[in-house]
Amino acid sequence: MVATAIEVHGLEKSYRDLHVLRGVDFDVARGSIFALLGSNGAGKTTVIRILSTLLKTDAGTATVNGFDVATHAPDVRESISLTGQFAAVDEILTGRENLVLVARLRHLKDTGRIADELLERFALTDAGGRRVSNYSGGMRRRLDIAMSLIGSPPVIFLDEPTTGLDPEARIEVWRAIRELAAGGTTVLLTTQYLDEAEHLADRIAILHEGRIIVNGTLAELKKLLPPAKVEYVEKQPTLEDVFFAIVGGGK
Amino acid sequence: MTAHFIGDTGTLLGRSLRHVSRSLDTIVTTAIMPIAFMLLFVYVFGGAIDTGSDSYVAYLLPGILIMTIASGVTYTAYRLFLDLRSGILERFQSMPIARSAVLWAHVLTSLVANLISLVVVVGVALVMGFRSGAGVLAWLAVLGSLLLFTLALTWLAVIPGLTAKSVDGASAFAYPLILLPFVSSAFVPTGTMPGPVRAFAEHQPVTSIVNTIRDLFMQQPVGNDIWIALAWCVGTLVVAYVVATGAYRRKIS
């Protein structure tokens, strides 16, 4: 077991004239949550696609779980699971069938039991026998993440896991991600929501114009700005506080 | 990795067959247009067409079966396109599976779905008075030719499935294939066609395949046509397979 789950050095990638990545470096410690922040088109998805062996780099190296993505792609695939930007679930199958399908493709035994346990854990037991085309966006995302957990891969990539979700679904996803990290899984997530990185991540890196321009803990990042000025402001509830007070959800 | 090829293909085949069984309309729509043409030609045009054979249904059926396959394989392009667009293909590719299993599962699904459509069309032909004295071996030869033709066209369908920009684009490739039987010996003997059309009709693949199946049904010796038909099918299969797997590799890495 190596202490770093993901090591990325000098990653470069161009699409014709467009230099998406211009030398990306970062490491992710085992069992931590690492957030890759950046605006749309900053190259976050490109990094994820390279790390999950879907795309080849032009230059630089990357290892996942100790395996080089270029030379040991099958070992990398054995070590990871990818939850892409759009819930990649089979609409025509039921939720349970989706889970059984992934469990079979991971060559596990007792696939029915695995599926039932995950349905329960993600509050989908009642919906398990229904076709996914009838699911809400939040249920789809939960199923998507449940599919990623099958076989307990040591490293999980989540590409914008909460984009397009309502606040309740977002908090459910956050809870699932925290549980994963607590169980020792390394999570690399991309997001364009700053508060998501703030709530979840042990370390945050900002990808801008093809390079990592900042990489550190939230406290370290906050030190980059001049010290906070102390002001007394009446605390107004945020719309999120109001929303949860009314609908009865919570963090 | 390749050790899992058969198991992974089986798992993914089960998935696509569920898609087929949950949208049986795809089988019906595949069969309905060839059946409509069969009704039209037998009961409207057929009386005025002199093929020199006793039963026009029997003369027509091989071409109708070719048409059924040509419209059936469009669903392979369609399903593959949807897999690509929904992102589920990427999910499969990021998993420890035999990568080619994804394509083979779609291809085998096409064979099964087309076989069902063909049985439906032959069933309608039987109701319309189609009879054949062909023996078991001849029927097996018909089945083999049709499956080989389906396999070749399915691999051809994989190419637009992987490269198309829209759903319509993914299935548009089939229109020329569906119309090809009209300029062949499928509906009328080629002898009455004007020179250049006749030359095209007699040298395009549908004619040799149709003639072979027709001879098998009518218990005639198949002659050279079967070798020409085989050459067309195997040639198309090899070229389509190479291009399709090449497109697949470019798509996934």
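If you're wondering where the values come from, they're calculated on a predicted model, not measured in any experiment.

**A closer look at the overall build of chain A**
Along the backbone of chain A there are nine helices and ten strands. Over its C-alpha trace chain A gives a radius of gyration of 19 Å, about what one expects of a compact globule, namely 18 Å for 251 residues. By principal-axis analysis of the C-alpha atoms, chain A measures approximately 55 × 55 × 35 Å. In chain A, buried positions account for 44% of the 251 residues. The contacts of chain A with a sequence gap of at least 6 include a subset with a gap of at least 24, amounting to 66%.

**Observations regarding the sheet that holds strand E7 (residues 155-159) of chain A**
All names here are of chain A. Within the open sheet, the six strands sit side by side as E6-E7-E8-E3-E9-E10. Their pairing is mixed. Strands at the two margins of the open sheet, each flanked by one partner only, are strand E6 (80-83) and strand E10 (211-216). Strand-to-strand twist across the sheet, computed as the mean angle between neighbouring axes with direction ignored, equals 15 degrees. Looking at chain direction, strand E3 (residues 33-37) and strand E8 (residues 186-191) are connected through five bridges and run parallel. The residue bridging alanine 35 from the neighbouring strand is leucine 189, located in E8.

**Section: the interface of chain B and chain A**
On the chain A side, the residues contacting the 21 residues of chain B number 21 residues. Sorting the residues of the side of chain B that touches chain A by element identifies helix H1 (5-22) and helix H5 (88-93) of chain B as the ones contributing at least two each. Grouping the amino acids of the side of chain B that touches chain A by side-chain chemistry returns seven nonpolar, eight polar and six charged.

**Brief notes about the nonpolar core**
By size, the foremost hydrophobic cluster in this structure holds 135 residues, and its most contacted members are Ala35(A), Leu51(A), Leu99(A), Leu143(A), Leu60(B), Ile66(B) and Leu153(B). At twelve residues, the largest contribution of residues to this core is made by helix H7 (residues 136-163) of chain B. Setting aside its immediate chain neighbours within four residues, Ala35(A) contacts Leu189(A), Thr191(A), Ala197(A), Leu200(A), Ala201(A) and Ile204(A).

**Considerations on the pairing of E8(A)**
Residues and elements named next belong to chain A. Of all six residues making up E8, six are buried, and the element is well covered by its neighbours. Taking every second residue as pointing to the same face, both faces of E8 are buried, with Thr186, Leu188 and Thr190 on one and Val187, Leu189 and Thr191 on the other. Strand direction decides the pairing type here: E7 and E8, joined by five bridges, are parallel. Across the sheet, residue phenylalanine 157 finds its bridge partner in E8, namely leucine 188. Where the polypeptide runs from E7 across helix H6 (residues 167-182) and back to E8, its parallel neighbour, the crossover connection is right-handed.

**Structural notes on the UniProt feature "domain: ABC transmembrane type-2" (unreviewed entry) in chain B**
In the numbering used here, UniProt assigns the "domain: ABC transmembrane type-2" (unreviewed entry) feature to residues 25-251 of chain B. This span, residues 25-251 of chain B, is 76% helix and 0% strand, and a straight line between its end C-alpha atoms measures 30 Å.

**Quick look at helix H12 (residues 225-252) of chain B**
Helical geometry: 3.6 residues make up each α-helical turn, so side chains three or four residues apart lie on a common side. Residues and elements named next belong to chain B. For H12, spanning 28 residues, the distance from its first C-alpha to its last is 40 Å, which sits close to the expected 40 Å at 1.5 Å a residue. Within the span of H12, buried status applies to Ala229, Cys233, Ala244 and Tyr248. Taken together, the buried residues of H12 touch helix H6 (101-127), H7 and helix H11 (205-217).

**Focus on unusual backbone geometry**
Residue and element names in this part refer to chain A. The backbone of asparagine 65 shows a phi angle near 55 degrees, a positive value even though the residue is not glycine. With respect to the helices and strands, the residue asparagine 65 is situated in the loop between strand E4 (59-64) and strand E5 (67-68). For asparagine 65, a count of 20 C-beta atoms within 10 Å translates into the label buried. Although it is not a glycine, glutamate 209 adopts a positive phi angle of roughly 50 degrees. Relative to the assigned elements, glutamate 209 resides in the loop between strand E9 (203-208) and E10.

**Notes on the sheet that holds E4(A)**
All names here are of chain A. Taken together, the four strands give an open sheet; going across it, the order is E2-E1-E4-E5, and neighbouring strands pair in antiparallel fashion. Sheet topology places strand E2 (18-29) and E5 at the edges, where each strand pairs with a single neighbour. Looking at chain direction, strand E1 (residues 4-15) and E4 are connected through five bridges and run antiparallel. Within the sheet, the bridge partner assigned to valine 8 lies in E4 and is alanine 62.

Calculation criteria
Residues numbered from 1 in each chain as written. Chains lettered and ligands numbered in written order. Predicted model: local features only at pLDDT ≥ 70, side-chain atom pairs only at ≥ 80, totals over all residues. Helix = DSSP H or I, 4+ residues; strand = E, 2+ residues; numbered from the N terminus. Rg over C-alpha atoms; globule rule 2.2 N^0.38 Å. Buried ≥ 20, exposed ≤ 12 C-beta atoms within 10 Å, placed from the backbone. Contact = placed C-beta atoms within 7 Å. Pairing = 2+ DSSP bridges. Axes fitted to C-alpha atoms, helices over the stretch in contact; angles between N-to-C directions. Nonpolar A, V, L, I, M, F, W, Y, C, P; charged D, E, K, R; others polar. Core = buried A, V, L, I, M, F, W, Y, C linked by C-beta atoms within 7 Å. Right-handed = clockwise from strand over helix to strand, strands pointing away. UniProt positions renumbered as here; feature names shortened; annotations may be inferred. Expected span 1.5 Å × (residues − 1).

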